[in-house]
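Listed here are the chains, written in short residue letters.
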Amino acid sequence: LKFYHLFGACKGAHNAYLLLDVKHMQLDTLGYLHLFPLISNGDYTTASEVITTTMKFFTNNFKESADHITFAYKYEALTKIPEFIWVREKLNNSTHYMKVRFERMLLDIFFASSHANTLQLIKDFEISPLDKIQWNILQDNRDFSVLWDIDPKPRVFERECIKQTYNHDIILLRLRCLLLHLIAGCIYAGLGEPNNSEGEIDGYEFKGNLYNYNFSRSILKKLMADLEENLEPLKNNVPSSFSKKYIA
């Protein structure tokens, strides 16, 4: 799978992915090996299919976990309840889930056939530049036990490498989040009209009409500043797919 992606052979990679029969929890723990290389290589159609399957799993998990807890309580299997809650929180706070969620919305906007459709998507997604992610509770659920390495021990990726790639994932998530919010902010600014009204702005929180042009412009300035701040660490440390520490 990694071999195909290194050469940009998305079709071959996807065929290998289908043969692996990845399902259930593996969509979270192993999804990083296939989904984002597809997006990087520009195969958005296949990526959209993988995202749809992955999002369906995460959505069903939230519903089914509530049923599991209810049945455990009903049949007095109380010792199982903490385990069910732990699994639910582990998936709900998955970094992979957050990345897939934002890529889903970005791809839907990318595939929109007209400006009117884009406006409708923004409305349906309820995208707002005021949204916030609880970065401190996100979890890295990637499974590296499936990867084998024939390199000598000094060249095998270690915990530091895993930490570094996870930090890159967080930066990517921040950038994609900001990109989506910038798109939404531009839409809101375009729907409003300039006026002289004032409001209170604190970070992304403000009191006033979201469709007010002046408010939207202030939010866009804040988003652009945050975008520059998050791009800064990558200027001298660009993740490379051909690095010896490359994972996926």
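- Under the annotation held in an unreviewed UniProt entry, the chain carries the name Putative mitochondrial inheritance and actin cytoskeleton organization protein and is attributed to Rhodnius neglectus.
- Its UniProt record gives the chain a comment under Sequence similarities (unreviewed entry), which states: "Belongs to the MDM20/NAA25 family."

Examining the packing of helix α7 (residues 95-110) against helix α8 (residues 115-125)
At step 1: With their axes 9 Å apart at the nearest point, α7 and α8 run at an angle of 160° to one another. Of the possible angle classes, the one that applies to α7 and α8 is roughly antiparallel. In this structure, α7 crosses over α8, and the sense of that crossing is right-handed. Together, M105, D108 and I109 of α7 and T118, L121, I122 and F125 of α8 make up the contact between the two elements.
At step 2: In terms of residue class, the contact of α7 with α8 is made up of five nonpolar, one polar and one charged.

A word on the packing of helix α5 (residues 44-74) against α7
At step 1: One can describe the packing of α5 onto α7 by two numbers: an axis separation of 10 Å at closest approach and a directional angle of 130°. Overall, the two elements α5 and α7 adopt an arrangement that is oblique. Considering only the axes of α5 and α7, their crossing is left-handed. Between α5, through Y44, A47, S48, I51, T52, T54, M55 and F58, and α7, the contact on the second element is made entirely by H96, Y97, V100, R101, E103, R104, L107 and F110.
At step 2: Residues belonging to the contact of α5 with α7 are distributed by class as follows: nine nonpolar, four polar and three charged.

A closer look at empty space enclosed by the protein
At step 1: Tallying each qualifying case throughout the model produces one cavity of 30 Å³ or more.
At step 2: As for the largest cavity, its lining consists of 13 residues, and the residues nearest its centre are T95, H96, D140, R142 and D169.
At step 3: Where the lining of the largest cavity is concerned, the elements lending two or more residues are α7 and α9 (159-191).
At step 4: Top element by residues in the lining of the largest cavity is α7. It accounts for three residues.

Observations concerning the confidence of the model for the chain
The predicted coordinates of low-pLDDT regions are not to be read in fine detail.
At step 1: Scored by pLDDT, the chain comes out at a mean of 79, with 79% of its residues at no less than 70.
At step 2: For the chain, the element scoring lowest by mean pLDDT is strand β1 (residues 200-202), at 41; α7 scores highest, at 93.
At step 3: Confidence drops under a pLDDT of 50 for residues 196-208, and excluding neighbours within four residues, the segment shows 28 contacts in the predicted structure.
At step 4: Long-range and interchain partners of residues 241-246, a stretch whose pLDDT sits below 50, account for nine contacts in this model, where long-range means more than four residues apart.

The rules we used
- Residues numbered from 1 in each chain as written.
- Predicted model: local features only at pLDDT ≥ 70, side-chain atom pairs only at ≥ 80, totals over all residues.
- Heavy atoms only, no water.
- UniProt positions renumbered as here; feature names shortened; annotations may be inferred.
- Axes fitted to C-alpha atoms, helices over the stretch in contact; angles between N-to-C directions.
- Helix = DSSP H or I, 4+ residues; strand = E, 2+ residues; numbered from the N terminus.
- Parallel < 35°, antiparallel > 145°, perpendicular 65-115°, else oblique.
- Left-handed = near helix turned anticlockwise from the far one by under 90°.
- Contact = heavy atoms within 4.5 Å.
- Nonpolar A, V, L, I, M, F, W, Y, C, P; charged D, E, K, R; others polar.
- 1 Å grid on protein atoms, 1.4 Å probe; cavity = no way out; pocket = protein on both sides within 12 Å on 5 of 7 lines; lining within 4 Å.
- Points joined across faces, edges and corners; volume = space filled by probe spheres on them.
- pLDDT = per-residue confidence, 0-100.

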